[in-house]
Amino acid sequence: MKNLIFAFFFAMISTAAFGQKKEMTYQLSSHILDVSKGMPAPGVTIKLEKYNEKTKVWSYVDEKVTDKSGRVPNFLPNDKSNLGIYKLIYLTSDYFKKMKEESFYPWVEVVFELKDSEHYHVPITLSAYGYSTYRGN
């Protein structure tokens with residue numbers, strides 16, 4: 001009987017240890033820094049689209065909102081291939097309206113290509129009358 005209880009207990013621990021969900025990882029992240037304030041830009045909607053080279057058409061992939069640190073860490077799960085040309089569309093107009101500021105760009109589009117399975121970070125520095133982008137890490 002002791003052996004049966006021990007075996008059952010061991011089986012339960014093994015199931016719990018190996019049955020835990022693997023944490024999801026993502027290939028693409030973004031960050032917005034409002035350089036006019038020297039602060040992150042929270043609450044900005046970012047849309048992600050993918051370009052179909054055969055049809056020459058952009059298709060919707062996902063949409064997220066920047067968190068309090070101006071970040072979206074979780075575009076494109078790593079559980080499949082994400083190779084291709086993408087576009088992040090930062091909907092900046094509402095952000096500046098909330099700040100009671102006029103702005104020149106109602107949105108910012110950044111087009112880039114994922115050529116491998118490495119992590120890509122696409123940040124922008126933003127002000128009401130300008131922006132800049134680069135490939136971060």
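Parameters and conventions
Residues numbered from 1 in each chain as written. Predicted model: local features only at pLDDT ≥ 70, side-chain atom pairs only at ≥ 80, totals over all residues. Heavy atoms only, no water. Core = buried A, V, L, I, M, F, W, Y, C linked by side-chain atoms within 4.5 Å. Buried < 20%, exposed > 50% of the residue type's maximum accessible area, 1.4 Å probe, protein only. Contact = heavy atoms within 4.5 Å. UniProt positions renumbered as here; feature names shortened; annotations may be inferred. Helix = DSSP H or I, 4+ residues; strand = E, 2+ residues; numbered from the N terminus. Phe/Tyr/Trp six-rings, centres within 6.5 Å; stacked < 30°, edge-to-face > 60°. Lys NZ or Arg CZ within 6 Å of the ring centre and 35° of its normal.

> Any details on the nonpolar core? Residues and values, ideally.
Within the largest apolar cluster, 23 residues are counted, with the highest numbers of intra-cluster contacts made by Leu-28, Ile-32, Leu-48, Phe-75, Leu-88, Tyr-90 and Phe-112. Ignoring anything within four residues of it in the chain, the contact list for Leu-48 reads Leu-28, Ser-59, Tyr-60, Val-61, Asp-62, Phe-75, Leu-76, Tyr-86, Lys-87, Leu-88 and Phe-112.

> Tell me about the UniProt feature "binding site: substrate" (unreviewed entry) in the chain, and name the residues and values.
As recorded in UniProt, the feature "binding site: substrate" (unreviewed entry) lies at His-31, Arg-71 and Tyr-134. For Arg-71, a relative accessible area of 37% gives the class partly exposed. Here Tyr-134 is to be found in the segment after strand S9 (130-133). Take Tyr-134: its relative accessible area is 47%, and that puts it in the partly exposed class.

> Describe the packing of aromatic side chains, and please don't skip the residues or the numbers.
Geometry of an aromatic ring pair is reported as the spacing of the ring centres plus the angle between the planes. Going through the model one piece at a time under the given rule, you end up with five aromatic pairs. Note on Tyr-51 and Trp-58: the rings are 4.9 Å apart at their centroids and 50° apart in plane angle, and the pair reads as tilted. A residue is classified by how much of its surface remains accessible, and Trp-58, at 29% relative accessible area, is partly exposed. With a centroid separation of 4.9 Å and an interplanar angle of 80°, the aromatic rings of Phe-104 and Tyr-105 are classed as edge-to-face. For Phe-104, a relative accessible area of 54% puts it in the exposed group. On the accessibility criterion, Tyr-105 (28% relative accessible area) is partly exposed. Here the aromatic residues Phe-104, Tyr-105 and Tyr-131 are joined through ring pairs into a cluster of three or more. Here Lys-87 stacks its cationic end above the ring of Trp-58, 4.3 Å away from the centre of that ring. Above the plane of the ring of Tyr-120 lies Arg-135, whose end atom (NZ or CZ) is 3.8 Å from the centre.

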